[in-house]
Structure formats: structure tokens, C-alpha cells
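Coordinate inspection notes
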Amino acid sequence: MFVDKVQISIKAGDGGNGCCSFRREAFLPKGGPDGGDGGNGGNVVFVAAPGEQSLLDFVYNGHFEAEKGINGKSKDMIGRRGKDVVIKVPPGTVIRSVETGEVLADIDSIDKEVIVAKGGKGGRGNSRFATSTNRAPREHEMGEKVESMRVELELKMIADIGLVGFPNAGKSTILSDISNANPKIAPYPFTTLHPVIGVMQYEDFSTLLVADVPGLIDGAHRNVGLGHTFLRHIERTKMLVYVLDAAGVDGRDPLEDLKTLKNELELYMKGLSARAGIVVANKNDLPESKENIKNLKKHLPRGLKLISISAATDGSFDELKTLIRTELEKRNIKHYFTPKNDPITNEDLEYDIDDLDDID
Ligand SMILES: Nc1nc2c(ncn2[C@@H]2O[C@H](COP(=O)(O)OP(=O)(O)OP(=O)(O)O)[C@@H](O)[C@H]2O)c(=O)[nH]1
Ligand SMILES: [Mg+2]
């Protein structure tokens, strides 16, 4: 089962209580106050779990609570800070407050880490309240209490490239050709029911992430077919690959398909159809494709390059991979995972002494 939206409840740890105590030692019957502070409660932290592609686990486990701060003790002993609860989510997860709808965090890169609920402050012990006029204060604070809250996790996958097309056009076949993914491929529409991400690698070891999503059809915005909510998984892509069945196997016209696809993308999100893209005229092994490809070339919208392939029979897809990369680079679009081959220089290792102040 694939889940890309789920609600969970989270609670940061309460602060530990401050202690009220007085030193009592032999020969020192009236020692001063020595109640220590309570520790702060633990935070609720969200981090990215690279490789994870579904929120399914949260359907079964929907409650997370960080540890309470430990109470302060006599002899000025400060309570330990509560342990954080670290929630691992697929990269691309947006976290919203259910109550207000406000976005609390967006785990949009693999090294992102965000505190979504901060632990309560520990209370001060009575030794902190001693003054020159009140040397034996009984005053001390309770730890701050923290409310639990409901948050919604919504996964908008992170990929550089999105494959969009009508059902059966060959999107999943292309994904399996150019990446490490093994999506289900079958000769009927709506084989793909949820997005799949594959890693496409080049000879210089740089990689691009490619997302295959379910087929889009005319009226998807009115919930025809599988609807269009799955398009949230291509929202963050840098480039779209329009996959057309150039042979019109299902009796459609590929040029019309392209117009419909762009229209449905636009109806889902303004500006999405204007994103950088290329057109793949697939199934060029079938004779019916010849005329259609000619027609496509003639009427291709400006700014879109066309490449014709047979995902089922071509052996090498280097040309397609190269086109994707050059189109990205031509527009100076940075992709997510560029290998860092630059040697580390001494400058990288230098740090500013002021930065050290931030370290606890
Ligand atoms: N002749 C021919 N058949 C192809 C080609 N590419 C894909 N197919 C076939 O077309 C059918 C659909 O391919 P898929 O890759 O599952 O298509 P899809 O676009 O992912 O379809 P959905 O997941 O349903 O949206 C399969 O039977 C493929 O074998 C091609 O280049 N030539
Ligand atoms: Mg598919």
C-alpha cells in the first residue's frame, strides 16, 4: 500500500521541575538553598530518511512523544535534558499543523533536520532565587508543560525529472530503461497506481532522480481516471518528460495527447505546463508511428525538443539521457544530487572562531 498523506500526533517533552532543597550537613544546620534546575524536555525532530518513498509506516504508528526533562535534585544537581524523538520521513515530506494549516517544516533535501515541537523549559530550583535579603527562598518553578498536537504529513516526492503521459504510453518502460527502478509494466491502462522514483546514473557518476507517476487523462482534474492529485509528486521536478504513444495504440492522436497533458498540468497547478520539458515520441518500432511523428515535429510547441524512441526495443537510451541532461544544463538548472568531486581545500577546513559560540 502506498500512502502519501497521513495525520499523526506529536508531543515534545515537558520540562523537568526545579527542586526545593537546603543543604543539611553535620555542623552546618542552616546551609543555603541547593535545589537544582529541572532539565528541558526533548524536542520532536523530523529528519529525511533517504530511500524511503511512502508514509505507510505512520498509518500503524501515529503517536510520537519526546522524553520529559528530569527533575532537578538537591546538592544543586541539574536534571538531565529529555531525549529528542527523531521521526524519519521520506525526503519531500511537508509537515503542517492540522489546526491552523500552517506549514511547520518541509523536509525537501536529504540532509534536512527540523525541530517541529520544542521541549518545555526546565523549572528553576530554589537556589536560583536566593538574594541578599532572602537567603533561604522556598520558591522554585515547575517545568513547562507542552501540549500534544496533530500534524499532517504530506509527501511531495523529490525528483529532478517527472515522466508524464497518458496511460499505456510507456512511462514505466522508459523508467526501467534509464534508471535502476523496476516498475510494473503491462499492456493495460493504469498499471502504475502510485509514483515510483528511479535513480538514473551517467558515466561520470552524476545522478538524476526520475519520477514515474500514474497516467493522466482528459478530465483528470474532474477526477476522471485516477484524478490528478498524484501530480503533487512532480510539483518539485525541474523538468518534465512528456511521454507520448506515437503509434496511437489506444486509438488516440499523440499531438492531441500532448495538448491535453499540458492542459491538465495547468489545471492542476498554474505554470506547471510551462516548466522545462522534452517530448518523447515512444513506440517508434510500430509502423503507425511514422506519420504521427512527422506531424508532431511540424506542430511541436516552442521550447520543446522531440526525441523518438522505442522503449520496448531500443538497446541504448544514451541519447535520451544526454538530451535530458543537456536541456537541464542549458537552462542552468541545478539538480539534487551532484557528486562532490572537488578535493577538500584548506579553506574548507578553516572556521571562524565566532562560530564556536553556538556550540553548547
Ligand atoms: N511496441 C511497443 N510497445 C511498448 C513500447 N513501450 C512500451 N510498450 C508497451 O506498452 C505497454 C504499456 O507500457 P507501460 O510502460 O506500462 O506504460 P505506462 O505509461 O507506464 O502505463 P500506465 O502505468 O498504465 O500509465 C506495455 O505493454 C509495454 O510493453 C514501445 O516502444 N513499443
Ligand atoms: Mg506505468
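Up top is the structure.
These notes cover the structure that comes with them. No experiment lies behind these values; they were computed from the predicted model shown.

1. With respect to the overall build of the chain
Each helix and strand counted, the chain has six helices and 14 strands in total. The C-alpha radius of gyration of the chain comes to 29 Å, more than 25% above the 21 Å expected for a compact globule of 360 residues. Counting only C-alpha atoms and orienting by the principal axes, one finds that the chain spans roughly 105 × 50 × 30 Å. Each of the 360 residues in the chain was classed as buried or not, and the buried ones make up 40%.

2. Details of helix H4 (residues 289-299)
Those residues of H4 not exposed but buried are Ser289, Asn292 and Leu296. Within H4, the buried residues cover an arc of 65° as seen down the axis, which keeps them to one side. Turned more than 90 degrees from where H4 packs its buried face, Glu291, Lys294, Lys297 and Lys298 sit exposed. Considering only its buried residues, H4 is in contact with helix H3 (254-268), strand E13 (277-282) and strand E14 (305-308).

3. A closer look at the pairing of E13
Counting buried residues along E13, six of its six residues qualify, which places the element largely inside the surrounding structure. In terms of strand pairing, strand E12 (residues 239-245) meets E13 through six bridges, oriented parallel. For Val243, the partnering residue across the bridge sits in E13 and is Val280. Crossover connection from E12 via H3 to parallel E13: handedness right-handed.

4. Topic: the site of ligand 1
In the vicinity of ligand 1, 24 residues are found, and the nearest of them are Gly170, Ser172, Pro187, Thr192 and Gly215. Considering every element that reaches the shell around ligand 1, the biggest residue donor is helix H2 (residues 171-178), with three residues. Within the shell around ligand 1, the residues separate by chemical class into 11 nonpolar, 10 polar and three charged.

5. With respect to the sheet that holds strand E9 (residues 161-165)
Ordered in space as E10-E11-E9-E12-E13-E14, the six strands form an open sheet in which the pairing is mixed. The sheet is open, and its two edges are formed by strand E10 (196-201) and E14, each paired on a single side. Adjacent strand axes in the sheet meet at a mean angle of 25° when their direction is disregarded. Sheet topology note: the E9/strand E11 (residues 207-212) ladder contains three bridges and is parallel. Opposite Leu163, over in E11, you have Asp212 as the bridge partner. Against the sheet, helix H5 (residues 318-330) makes contact with E9, E10, E11, E12, E13 and E14, and its axis sits at roughly 170° relative to E14, the strand it touches most.

6. A closer look at the sheet that holds strand E2 (residues 44-48)
Within the open sheet, the three strands sit side by side as E4-E2-E7. Their pairing is mixed. Strands with a single pairing partner mark the edges of an open sheet, and in this sheet they are strand E4 (85-89) and strand E7 (113-117). Sheet twist, expressed as the mean angle between neighbouring strand axes with direction ignored, is 30°. Where E2 meets E4, five bridges bridge the pair, whose relative direction is parallel. Looking at E4, one finds that Phe46 is bridged to Ile87.

7. Topic: H2
Counting buried positions along H2 yields six of eight residues, so the element is predominantly enclosed. Every buried residue of H2 is accounted for by Lys171, Ser172, Thr173, Ile174, Leu175 and Ile178. At its buried positions, H2 is contacted by E9, E10, E11, E12, E13 and H5.

8. Here's the deal with the nonpolar core
Val164, Val210, Ala211, Tyr242 and Val280 are the most contacted members of the largest nonpolar core, which totals 65 residues. In terms of residue count, the dominant contributor to this core is E12 (six residues). Counting the residues that make up this core, at least three belong to each of domain 1 (1-156) and domain 2 (161-330). Setting aside its immediate chain neighbours within four residues, Ala211 contacts Met157, Ala159, Ile161, Gly162, Leu163, Pro195, Ile197, His233, Ile234 and Thr237.

9. Considerations on the environment of Ile174
With respect to the secondary-structure elements, Ile174 resides in helix H2. Taking the number of C-beta atoms within 10 Å as the measure of exposure, Ile174 has 26 and is therefore buried. Remark: the alpha-carbon pair of Ile174 and Val280, spanning 106 residues in sequence, is separated by 9.7 Å. Apart from residues no more than four positions distant in its own chain, Ile174 is found in contact with Leu163, Val243, Val280, Asn282 and Ala311.

The rules behind the values
Residues numbered from 1 in each chain as written. Chains lettered and ligands numbered in written order. Predicted model: local features only at pLDDT ≥ 70, side-chain atom pairs only at ≥ 80, totals over all residues. Helix = DSSP H or I, 4+ residues; strand = E, 2+ residues; numbered from the N terminus. Rg over C-alpha atoms; globule rule 2.2 N^0.38 Å. Buried ≥ 20, exposed ≤ 12 C-beta atoms within 10 Å, placed from the backbone. Arc of directions from axis to C-beta. Contact = placed C-beta atoms within 7 Å. Pairing = 2+ DSSP bridges. Right-handed = clockwise from strand over helix to strand, strands pointing away. Near = placed C-beta within 6 Å. Nonpolar A, V, L, I, M, F, W, Y, C, P; charged D, E, K, R; others polar. Axes fitted to C-alpha atoms, helices over the stretch in contact; angles between N-to-C directions. Core = buried A, V, L, I, M, F, W, Y, C linked by C-beta atoms within 7 Å. Domains from an automatic or database assignment.

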